[in-house]
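This is what each chain is made of:
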Amino acid sequence: MNLRPLHDRVIVKRLENETKTASGIYIPDNAAEKPDQGEVLAVGPGKKNDKGEPIVLNVKVGDRVLFGKYSGQTVKVDGDELLVMKEEDLFAVVEK
């Protein structure tokens, strides 16, 4: 990937939702909602505070994160649909 996010932005790839429910019913693509989880692919260096010191981001590459359904800006890179969003648009990191 040739994207390097600036400031407090992160690059996220959506994780696909399950296409089958727990009871075994298959959900067609046109009825499925956009996934609200993704994997962080790249992290910017962070914003700077009033003294000019960088504020380090709380997420790192490889983290699985939760975000809003309409969060971020969608971009296509090498055929992949990615999201560029600010760290503050992320809700949580999914811990395993």
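Rules and cut-offs
- Residues numbered from 1 in each chain as written.
- Predicted model: local features only at pLDDT ≥ 70, side-chain atom pairs only at ≥ 80, totals over all residues.
- Heavy atoms only, no water.
- Salt bridge = Lys/Arg side-chain N within 4 Å of Asp/Glu carboxyl O.
- Helix = DSSP H or I, 4+ residues; strand = E, 2+ residues; numbered from the N terminus.
- Buried < 20%, exposed > 50% of the residue type's maximum accessible area, 1.4 Å probe, protein only.
- pLDDT = per-residue confidence, 0-100.
- Polar contact = N/O pair within 3.5 Å; in protein donor to acceptor, adjacent residues only side chain to side chain.
- Contact = heavy atoms within 4.5 Å.
- Pairing = 2+ DSSP bridges.

S.K.: What's the story with the pattern of salt bridges in this structure? I'm lost.
M.R.: Side chains that differ in sign of charge can pair as their charged atoms come close. Inspection of the entire model under this criterion finds 2 salt bridges. For lysine 13, the salt bridge goes to aspartate 80, with nearest N and O atoms at 3.9 Å. With lysine 13 in strand S1 (residues 9–14) and aspartate 80 in strand S5 (residues 80–86), this pair connects stretches of sequence that are 67 residues apart. A relative accessible area of 35% places lysine 13 in the partly exposed class. Its relative accessible area of 34% is what places aspartate 80 among the partly exposed residues. With a shortest N-O distance of 3.1 Å, aspartate 63 and lysine 60 are connected by a salt bridge.

S.K.: Help me understand the confidence of the model for the protein chain, please; the structure alone is not making it clear to me.
M.R.: Looking at the protein chain as a whole, the pLDDT averages 83, with 81% of positions reaching at least 70. Averaged pLDDT values for the elements of the protein chain fall to 90 in strand S4 (residues 73–77) and rise to 94 in strand S3 (residues 64–67).

S.K.: I would appreciate a short explanation of the side chain of aspartate 63 in the present structure.
M.R.: Summarising the element assignment, aspartate 63 is placed in the loop between strand S2 (37–43) and S3. Of the polar contacts made by the side chain of aspartate 63, one reaches the backbone nitrogen of lysine 60; its length is 3.0 Å. Setting aside chain neighbours within four positions, we find aspartate 63 in contact with Gly38, Glu39, Val40, Asn58 and Val93.

S.K.: Can you walk me through the pairing of S4 in this structure?
M.R.: In summary, the side chains of a regular strand alternate between the two faces of the sheet. Both S4 and S5 contribute to a ladder of 5 bridges, which runs antiparallel. For lysine 76, the partnering residue across the bridge sits in S5 and is glutamate 81. Adjacent in sequence and paired antiparallel, S4 and S5 are bridged by 2 residues, among which aspartate 78 carries a positive phi angle near 50°.

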